[in-house]
Amino acid sequence: MAGEMVAKKKTAKAAKRGKGKAAKRGEEAPAHERFREIAHGEHREVRDILLALYDAFGKRNLKRAKTLHAEFCAHCGPHFRYEEEALHPLLEPIVGKVQVEHLNREHDRAIVDTIYMGRLTSEKRLNADEGRQGQRLVRRILPHVSDCDGLAVMVEKMADADVETILAARQAALKDNIALLEWASETRLRSFRDTYKRDFYATRQQARGFG
Ligand SMILES: [Fe+2]
Ligand SMILES: [Fe+2]
């Protein structure tokens, strides 16, 4: 799929960037340096995909929105996976359980919004309301991109060995390369269905005028 190819290429570029400064010195960068550059590169890529998707929904350009949605899923599958399997648990001693639960819920929310965006992009055409709905979904995911990028300041407090563990989990997730929605429904240990149900009932109540 074209979107997945682009996302893979971009991910490879981010990996290269992670070796940049040290490679120039002919040595491998310390784990912290590699992690910071790789994670930041990935968040910039997600940001750009989402901003392009916002634009595509605004112009009701379905073909482009569909491609970007696939790119987003291809990129975020391995990314969310290594964060949940390694980054979040290793952050817990530093930021606490409540913050880790918050991060996981943000992922639940993003997964549910990505399902809704997928429904919109599989329509035959979008009306103005649906275009705006797509834009609202994109804007709801965006804050997590900068929140997640900000975690780098907490990762600085981790031991080198823990950062190596995160980088190894990332390599494993990239190797498996499972797109976001397949990972969320088939491999992910945490269920997003509670979030999905809450959202579904809240929307239904609002539609009936109870919200
Ligand atoms: Fe992230
Ligand atoms: Fe995240």
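Keep in mind the model is a prediction, meaning the values are calculated, not measured. Within each chain, residues carry numbers counting from 1 in the order of the written sequence. Numbering of ligands from 1 and lettering of chains from A proceed in the order in which they are written. Reporting in this predicted model follows two pLDDT cut-offs: at least 70 for local features of residues, and 80 or more for side-chain atom pairs to be given and counted; totals over whole chains, interfaces and linings ignore these cut-offs and use all residues.

1. Digging into the overall build of the protein chain
Worth spelling out the cut-off: Secondary structure is summarised from DSSP: a helix means a run of H or I of at least four residues, a strand means a run of E of at least two, and numbering begins at the N terminus for each. Buried residues are those with 20 or more other C-beta atoms within 10 Å of their own C-beta, exposed residues have 12 or fewer, and partly exposed residues lie in between; C-beta atoms are placed from the backbone. Residue pairs are scored as contacts if the distance between their C-beta atoms, which are placed from the backbone, is within 7 Å.
Counting secondary structure elements, the protein chain contains 9 helices and 0 strands. Reading the protein chain from its N end, one meets helices and strands in the order α-α-α-α-α-α-α-α-α. Burial status across the protein chain gives 36% buried among its 211 residues. When contacts within the protein chain are restricted to residue pairs at least 6 apart in sequence, long-range pairs at least 24 apart make up 73% of them.

2. Some remarks on helix H3 (residues 62-95)
Because each turn of an α-helix spans 3.6 residues, side chains separated by three or four positions in sequence point in the same direction. Basically, it comes down to this: Multiplying 1.5 Å by the helix residue count minus one yields the expected span of that helix.
With 34 residues, H3 extends only 40 Å from end C-alpha to end C-alpha; this falls clearly short of the ideal 50 Å at 1.5 Å per step. In terms of burial, H3 is largely enclosed, as 25 of its 34 residues are buried. One or two steps after H3, the chain reaches Gly96, where phi turns positive at roughly 95°.

3. Side note on the nonpolar core
Generally speaking, nonpolar side chains in soluble globular proteins are found buried as a group. Test applied: Throughout this description, the term nonpolar core refers to a group of buried Ala, Val, Leu, Ile, Met, Phe, Trp, Tyr and Cys residues whose C-beta atoms join them within 7 Å.
If you look at the biggest cluster of nonpolar residues, it comprises 30 residues, and the most contacted ones within it are Leu53, Cys73 and Leu180. Looking at this core, the elements with two or more residues in it are helix H2 (31-58), H3, helix H4 (97-121), helix H5 (128-150) and helix H8 (180-187). Of all the elements, H3 adds the most residues to this core, at 9 residues. Other than its neighbours up to four places away in sequence, Cys73 contacts Thr114, Ala179, Leu180 and Leu181. Residues Ala31, Ala86, Leu87 and Ile166 belong to the second largest nonpolar core, which totals 14 residues.

4. Some remarks on H2
Here H2 contains 28 residues, and its C-alpha end-to-end distance of 40 Å stays within 8% of the 40 Å for a straight helix at 1.5 Å per residue. Arg60 lies just past H2 and shows a positive phi near 55°.

5. Quick notes on the confidence of the model for the protein chain
The cut-off we apply is this: What pLDDT conveys is the predictor's confidence in a given residue, as a value from 0 to 100.
Residues at a pLDDT of 70 or more form 84% of the protein chain, whose mean pLDDT is 88. With pLDDT under 50 throughout, residues 1-7 is counted as low confidence; its partners more than four residues away or in other chains account for 12 contacts.

6. A word on the packing of H4 against H8
This is how the line gets drawn: Here an axis means a line fitted to C-alpha atoms, over the contact stretch when the element is a helix, while the angle between two N-to-C directions is reported on a 0 to 180 degree scale. Any angle between 65 and 115 degrees counts as roughly perpendicular, while under 35 counts as roughly parallel, over 145 as roughly antiparallel, and the rest as oblique. Less than a right angle of anticlockwise turn of the near helix away from the far helix marks a crossing as left-handed, whereas a clockwise turn marks it as right-handed.
Axis separation between H4 and H8 bottoms out at 10 Å; the angle between their running directions is 120°. Between H4 and H8, the angle falls in the class oblique. Relative to H8, H4 is oriented so that their crossing is left-handed. Within the contact between the two elements, H4 uses Ile111, Thr114 and Ile115 and H8 uses Leu180, Leu181 and Ala184.

7. Quick word on the environment of Leu103
With respect to the element layout, Leu103 can be found in helix H4. On the neighbour-count criterion, Leu103 (19 C-beta atoms within 10 Å) is partly exposed. As a C-alpha pair, Leu103 and Cys148 span 45 residues in sequence and 8.1 Å in three-dimensional space.

8. Points about the environment of Glu101
Among the secondary structure elements, Glu101 is positioned in helix H4. Note: C-alpha distance between Glu101 and His88 (13 residues apart in sequence) is 8.8 Å.

9. Comments concerning unusual backbone geometry
Positive phi, normally seen in glycine, also occurs at Arg60, with a value near 55°. Mapping Arg60 onto the fold places it in the loop between H2 and H3. When the 16 C-beta atoms within 10 Å are taken as the criterion, Arg60 is described as partly exposed. With phi around 50°, Asn177 is a residue other than glycine that occupies positive phi space. Positionally, Asn177 belongs in the loop between helix H7 (160-176) and H8.

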